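Next come the chains, spelled out residue by residue.
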Amino acid sequence: MKFNPNARLDTSQVQDRRGSGGGGRSGGGLGGMMPSGKGGLAVGGGGLGLVVLVVIFLISQFSGGGTGEPSGAGLLQGATGNTAVDNGQLAAQCQTGADTNTNDDCAVVAVINSVQDYWTDAFAASGQTYQEADTVFFSGSTATGCGQGTSGMGPFYCPPDAMVYIDLSFWDELTSTFGANDATFTQAYVLAHEYGHHVQNLLGTSDRVGTATGATSGSVRLELQADCYAGVWANHATNVPDSSGQVLITEITNTDLQNALDTAAKIGDDYIQTNLAGQQVDESSFSHGSSAQRQKWLLAGYQSGDPNSCNTFDTSDLG
């Protein structure tokens with residue numbers, strides 16, 4: 001994955017709550033995915049965050065520890081955290097696409113800009129208006145519209161405040177716990193998935209989903225659609241311009257796509273149950289879809305480039 005060195009980066013789409021404006025770490029990057037809520041963990045948010053919570057829960061349950069509640073059960077009990085925003089250092093460091101070569105935070109900003117620019121144009125083409133969603137960089141924990149967000153949730157989208165939350169240390173967890181890769185395009189897939197949830201929130205799709213789990217449940221369909229939306233953006237990414245008309249991303253290779261597909265497999269419900277929790281596959285508890293399903297819908301979006309191909313709610317064949 002390559003960025004256009006002449007493209008302009010817009011850090012106003014990011015809220016940096018890491019303290020002292022963050023600063024970017026070489027070899028690091030962005031952050032993860034989460035749950036949202038109707039009377040509990042938010043259902044419209046989804047993403048990896050819920051997967052991370054499920055992993056913690058399963059490992060706790062099947063290793064003889066824990067109380068039967070996920071570690072995030074108290075999510076809505078209060079909101080305190082590093083809510084001060086200081087974008088000064090980020091804005092100074094991330095000005096053009098050339099900065100993505102030396103600062104991983106700038107690559108994150110470029111991806112966020114590209115994803116939102118694509119959806120702005122896609123909504124406009126259908127006579128609708130896309131509303132931008134900020135991405136919040138935080139460390140450890142932070143206040144959100146869904147309650148207290150923590151790094152253990154991974155990246156997540158919170159519908160009540162319409163923002164994406166990321167502790168950038170998530171990429172270490174993705175490789176060390178899930179055995180996935182943290183390549184730049186893999187990180188882009190994760191971010192684009194979270195913005196897929198924002199699109200669902202804007203379109204009212206999230207309201208169709210309850211709390212039920214299972215292989216054909218609404219929650220699985222919501223997650224697979226977000227994967228598909230991520231693929232749709234990736235299809236168009238090399239043609240998405242910044243505000244000055246410069247494309248932000250100049251190249252996405254087959255290796256990039258394979259890296260993302262590999263990660264999609266590593267965050268499937270069946271992979272997590274068997275490889276991380278050491279248990280047999282239980283489709284009745286699926287909330288995000290199997291590895292094969294996540295790969296199928298990411299690829300479907302990428303190959304079609306059409307959001308209308310992502311209608312996971314009106315099909316009997318989820319893969």
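Notes on the structure in this doc start here.

Basis of the calculations
- Residues numbered from 1 in each chain as written.
- Predicted model: local features only at pLDDT ≥ 70, side-chain atom pairs only at ≥ 80, totals over all residues.
- Heavy atoms only, no water.
- Pairing = 2+ DSSP bridges.
- Helix = DSSP H or I, 4+ residues; strand = E, 2+ residues; numbered from the N terminus.
- Buried < 20%, exposed > 50% of the residue type's maximum accessible area, 1.4 Å probe, protein only.
- Lys, Arg positive; Asp, Glu negative; His and termini not counted.
- Salt bridge = Lys/Arg side-chain N within 4 Å of Asp/Glu carboxyl O.
- Contact = heavy atoms within 4.5 Å.
- Core = buried A, V, L, I, M, F, W, Y, C linked by side-chain atoms within 4.5 Å.
- Phe/Tyr/Trp six-rings, centres within 6.5 Å; stacked < 30°, edge-to-face > 60°.
- Disulfide = S-S within 2.5 Å.
- Axes fitted to C-alpha atoms, helices over the stretch in contact; angles between N-to-C directions.

As judged from the four bridges shared by strand 4 (residues 141-144) and strand 5 (residues 147-150), these two strands associate in the antiparallel manner. Looking across to strand 5, one finds that Thr144 is bridged to Gly147.

With respect to the helices and strands, Asp270 occurs in helix 8 (residues 269-276). An unpaired buried charge is present at Asp270: no salt bridge exists, and Arg294, the closest side chain of opposite charge, is 8.8 Å distant. Setting aside its immediate chain neighbours within four residues, Asp270 contacts Val281, Phe286, Ser290 and Ser291.

Okay, the nonpolar core next. Ranked by size, the top nonpolar core spans 64 residues in total, and within it Met1, Val111, Trp119, Phe185, Tyr189, Trp233 and Ile249 carry the most contacts. The set of elements that each furnish at least two residues to this core consists of helix 3 (104-125), strand 7 (163-167), helix 4 (170-176), helix 5 (184-203), helix 6 (218-236), helix 7 (254-266), helix 8 and helix 9 (291-304). Among the elements that take part in this core, helix 3 stands out by supplying 12 residues, more than any other. Formed by eight residues, the second largest nonpolar core is a distinct cluster that contains Phe138, Cys158, Met163 and Tyr165.

By the element assignment, Ala180 lies in the loop between helix 4 and helix 5. According to the relative accessible area criterion, Ala180 is buried, its value standing at 9%. Measuring from C-alpha to C-alpha, the distance between Ala180 and Ala260 comes to 9.1 Å, with 80 residues separating the pair along the chain. Discounting residues that sit within four places of it in the chain, Ala180 has contacts with Leu174, Thr175, Asp262, Thr263 and Lys266.

Glancing now at the pairing of strand 3 (residues 135-138). Side chains Thr135 and Phe137 project from strand 3 onto one buried face, and the interleaved Val136 and Phe138 project onto a second face that is buried too. The pairing of strand 2 (residues 14-16) with strand 3 spans three bridges and is classified as parallel. Of the residues in strand 3, the one forming a bridge with Asp16 is Phe137. In terms of strand pairing, strand 3 meets strand 7 through four bridges, oriented parallel. Of the residues in strand 7, the one forming a bridge with Thr135 is Val164.

Our next topic: the packing of aromatic side chains. In the structure shown here, the tally under the stated rule is seven aromatic pairs. Seen in terms of ring centroids, Tyr118 and Trp119 are 4.9 Å apart; in terms of plane orientation they differ by 70 degrees. Their pairing is edge-to-face. Here the aromatic rings of Phe185 and Trp233 are separated by 6.4 Å at their centres, their planes lie at 15 degrees, and the arrangement is stacked. Remark: Trp233 occurs in helix 6 and Phe185 occurs in helix 5; sequence separation between them is 48 residues.

Let us now look at the state of the cysteines. Counted according to the given criterion, the structure contains three disulfides. Linked covalently through their sulfurs, Cys146 and Cys158 form a disulfide whose S-S length is 2.2 Å. With the S-S dihedral at roughly 110 degrees, the linkage between Cys146 and Cys158 falls on the right-handed side. Placement of the pair is Cys146 in the loop between strand 4 and strand 5 and Cys158 in strand 6 (residues 156-158), with a sequence separation of 12 residues. Residue classification places Cys158 among the buried residues on the basis of a relative accessible area of 0%. Linked covalently through their sulfurs, Cys228 and Cys310 form a disulfide whose S-S length is 2.1 Å. Disulfide Cys228 to Cys310: torsion about the S-S bond roughly -75 degrees, handedness left-handed. Remark: Cys310 occurs in the segment after helix 9 and Cys228 occurs in helix 6; sequence separation between them is 82 residues. Across the pair, exposure class does not vary: Cys228 and Cys310 are buried alike. Each bonded cysteine in the chain gets a number by its place in the sequence, and the pairs come out as 1-2, 3-4, 5-6.

Let's shift gears to the sheet that holds strand 6. Pairing within the open sheet is mixed, and its four strands lie in the order 2-3-7-6. With one partner strand each, in any of the chains shown, strand 2 and strand 6 form the two edges of the open sheet. On average, adjacent strands in this sheet sit at an angle of 25 degrees to one another, irrespective of strand direction. Those strands touched by helix 5 are strand 3, strand 6 and strand 7, and its axis lies near 20 degrees from that of strand 6.

Time to look at the side chain of Thr263. Structurally, the position occupied by Thr263 is in helix 7. Here Thr263 falls in the buried class, since its relative accessible area comes to 0%. The residues contacting Thr263, other than those within four sequence positions of it, are Leu174, Ala180, Asn181, Thr186 and Tyr189.

One non-glycine residue, Ala162, lies in positive phi territory at about 55 degrees. One can find Ala162 in the loop between strand 6 and strand 7.

Structural measurements only, silent on function.
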